[in-house]
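Fold and contact review
What follows is each chain in one-letter form.
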Amino acid sequence: MYFIVLIIILLIIDYTEEITINAISFVYGGNADLYPEIVNEFNKYSQKNDLDINLKLTILTTENSTIELTNYGSMIDMLLMKKSTKYDLYLYFDSYTSIYGPHFINLENILEEDYIKMFSSELLNIGCKYNNKIVGLPLFFSMDVLFSNTMLLNKYNRKVPETWDQLLETAKYIKEEEKKLNNTEIIGYNGLFSDDESGTLSLFEFFNSYRDSNYSPYPKVKSKETKDALIMIKKLKEEIASDDIFSRDMFYTIEQLFSNNALFLKFYYGEYMPFFEVSAIPGKNENVSGSIASPFVISVSRYSNKEKQEAAIKALLFFTSKDIQKRYFIKNYYLTGIDSLYDDEDVCKMVNCPAIKGAQPYSTTAYNVTEYSIDYYFAKLRQYSYEYIFGGATIDNTLKKIDDMRKIYYFSLNIDNNTMMGIILFILYSITICIMIILLAIVIVKQYKPKYIFIRYDHWIISISGSFLLPLTIIRIYGKLNVMKCIMENAFFLTGYTLNWIPLINQLIVDFPKTNKISEWLNQTRNRYLFLISFIIFEMILHGCLLIFPYDIETILKSEGENFQKCKMNNVFGKYIHIIIKFIYFIFLLSSLLLIFIEWNMKETLHEIKILFSLNFINFLQFIINKIIQSMDLNNYYVDGILFSMNIFVLSITNYIHIFLLRYYSIFFENNKNSIESIIDHFKENNLRFSPDGTSYSISTENNSCTTQQNKTDNSSFDSSATQKRQSQSHNSKYSSGNVYPRKMSQILKYHYQQTKN
């Protein structure tokens, strides 16, 4: 009895020791039966070698699932983003490495260096690396090649083409000759520009074929190479094929590979009818291949536990071993990433080794698409390219649309940028600032002394210097946006605005109609600076907090337009900081407006108060305009940048002019004032001549008031100051009687009509 129990326990222990690992793969275009064979082979190998590993593979195909390749990519991405432990091994196309890479383990820390070196460095560098770390190995790779109909070529004594011009010339000649024999069914070239992944690859391959050499980098979108490639695609379609032939999918091509009606066909490497000769895809020049290697990568999840990761590594080594590569993958016409196998006689009996070596070094494409999903980008690439190939779109507009998808637009000082507006704005700002500096230097060097000094010289310098900081806020629209630029925009604006207004508010408090403790305290030089510095320090703390609660850089993606970025505060604490900053801005305007109203009739600062009111009004207007611009949500970097920069430009200039006039008003208006006074004096001398009834009018320029005198015996007069005092009392009585307005309002109105300081 105890013996039986012991056996059962041992069986349970033995069962629980077996580790089950799960893998997932998507098979596109058939050959789904190959994977179960290899999985069964591994499980046999595991059992034979006591690995205690059971591998289960989930295969998604177009036949057994409604998931398309594009949706498969999104599904896997969603699993990995959730750090799912459902799967331990992932099999995927290399175009997804840049997206999935962070979720896989670094194989360089686990596998031996010699083992990794077995594989093609080109395939590893582009298809299997993320942040310079190897996160996968090429299980196999596919590569398009050119199938040339040797029966037709030999018939007309033609060779397999090595360039697109040769292919075009040969196809045109043979089609014309066959037409003379009443054979109008010959397909010159299939193109394979279908609206699926095959079409995407065909575009990449054609662009790649226009490199100067096999070692040249992949062409940029708006390069001459890409432009010439698109032109040649359309030329091939129109001269040796048709819209219908070029847009057919891979299944149409497979049918043609088993017929004798096609002259040149582009398709994945494989063995088909013997009258087709395989060669590398032609290029712009001889010895340049357009063939692109597309690795199918196998990787191990970071989110599996250590035990499952170790088991998954063993499965990965089994799948990528030379023996399995030869017995399963190469035998089924999958190309291996192990270069040394193409020197193996047995391998070369199964595949065309010279054709594969002719495509070396393998060319791959770096899919550097960070803003869009890779599937969306591919779909748009095909759409825009096909609008030119099959439609009436222009080549330049097509290239711009493709380039716009991968480009973030911003203002720049580069001459080769898409717009000169960045340079124009920079020149405008530079010239204006230079004029401001020169004007300021002139009055400083010439030592002009105004008749009346509203604000002390040192505080006036501080105030006007704020107008030089405000233009720096446009740093945000130049170059690619980052968090620091968002913070600096706010810092320059608020600091410049603080320097503009704090000295002015300080002076308004000092000039308050009634002397008080606050005005006396601020009248001291030390306290004036303390008042200013306290605001600056507080603002520095606020902007320092924005480093802790930073902005998000929001990318505005345009389906057919120019992508751009803008600062967006999503953090709750950051939003509160923004509210405080706006509150400070608003307090400056409201407090200064209240003080301006109170001191409106002060004789000593009459002109300066009017200037400050104008300044306050323009700043309020700028605040409203800025809010309108923000609410418009233009979604256009160009218009948004121009409106923003011009708004800041106008604010800076107007603040500078008004603050300048606060001290040097008399320089510009002294002559006009003297001229008016001379006219008044002349009028006074001849006033009797102008008054037929004997009444004379005496005009006082000091208080801008008129008093009437009659040349009669009573010679009665009106005392101007007494009249104004009665007016002030009348207003006070009017607004205080009956408690219509609060007492504070009555006091403010009293100060408003006061002309001298108590």
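Residue indices follow the written sequence of each chain, beginning from 1 at its first position. For this predicted model, a pLDDT threshold of at least 70 governs which residues receive local features, and a threshold of 80 or more governs which side-chain atom pairs are given and counted, while totals over whole chains, interfaces and linings are taken from all residues. With hydrogens and water excluded, all non-hydrogen atoms of the structure serve as input to the side-chain values.

**Focus on the confidence of the model for the chain**
Confidence per residue, as judged by the predictor, is encoded in pLDDT with a range of 0 to 100. Summarising the model, the chain shows a mean pLDDT of 82, and 83% of its residues fall at 70 or more. Runs of E in the DSSP output that reach at least two residues are strands. Runs of H or I that reach at least four are helices, and both are numbered from the N terminus. When mean pLDDT is taken per element in the chain, helix α10 (residues 224-240) scores highest with 95 and strand β14 (residues 705-710) scores lowest with 37. Predicted confidence for residues 671-684 stays below pLDDT 50, and this span has 7 contacts to residues more than four positions away or in other chains. Pairs of residues are marked as contacts when any of their non-hydrogen atoms sit within 4.5 Å. Here residues 686-738 scores under 50 on pLDDT; set against residues more than four positions off or in separate chains, the count is 42 contacts.

**As for the pairing of strand β6 (residues 137-149)**
Note on exposure labels: buried denotes an accessible area under 20% of the residue type's maximum, exposed denotes more than 50%, and partly exposed covers the range between, all computed with a 1.4 Å probe on protein chains only. Counting buried residues in β6 gives 12 out of 13 residues, a clear majority hidden from the surface. The pairing of β6 with strand β10 (residues 293-300) spans 6 bridges and is classified as antiparallel. The residue of β10 that forms the bridge with Phe141 is Pro295. Pairing of β6 with strand β8 (residues 262-268), which is carried by 5 bridges, proceeds in the antiparallel orientation. For Phe147, the partnering residue across the bridge sits in β8 and is Leu265. Here, any two strands with at least 2 DSSP bridges between them count as paired. Bridge count for β6 against strand β9 (residues 276-279) is 4 bridges, and the pairing is antiparallel. Looking across to β9, one finds that Leu146 is bridged to Ser279.

**Regarding the packing of helix α23 (residues 525-548) against helix α24 (residues 572-598)**
Interaxial angle, 0 to 180 degrees, is taken between N-to-C directions of lines fitted to C-alpha atoms, where a helix line uses only the stretch in contact. Two elements in contact, α23 and α24, have axes whose closest approach is 9 Å; the angle formed by their N-to-C orientations is 155°. Taken together, the axes of α23 and α24 are roughly antiparallel relative to one another. Handedness of the crossing formed by α23 with α24: left-handed. Contact with α23, carried on its side by Phe535, Phe538, Glu539, Leu542, His543, Cys545 and Leu546, involves Gly574, Ile577, Ile580, Ile581, Ile584 and Phe588 of α24 and no other residues of that element. Residues are sorted three ways: Asp, Glu, Lys and Arg are charged, Ala, Val, Leu, Ile, Met, Phe, Trp, Tyr, Cys and Pro are nonpolar, and all the rest, Gly among them, are polar. Residues of the contact of α23 with α24, tallied by class, amount to 10 nonpolar, 2 polar and 1 charged. Roughly parallel refers to an angle under 35 degrees, roughly antiparallel to one over 145, roughly perpendicular to one between 65 and 115, and oblique to any angle outside these ranges. Two helices cross in a left-handed way if the nearer one is turned anticlockwise from the farther one by less than a right angle. They cross in a right-handed way if the turn is clockwise.

**Topic: the environment of Leu472**
Along the chain, the position of Leu472 falls in the loop between α20 (457-469) and α21 (483-510). Separated by 24 residues in the primary sequence, Leu472 and Gly496 have C-alpha atoms spaced 9.2 Å apart.

**What about the pattern of salt bridges?**
Salt bridge, as used here: a side-chain nitrogen of Lys or Arg that lies within 4 Å of a carboxyl oxygen of Asp or Glu. This structure, assessed with the given rule, holds 24 salt bridges. The residue Lys401 makes a salt bridge to Glu387 at a minimum N-O spacing of 3.4 Å. Taken together, the residues Lys401 in helix α18 (residues 395-405) and Glu387 in helix α17 (residues 374-389) connect sequence positions 14 residues apart. Ionic pairing is found between Lys400 and Asp404, a salt bridge with its closest N-O pair at 2.9 Å. Linking Lys400 with Asp404, this pair stays in helix α18, spanning 4 residues, or about one helical turn.

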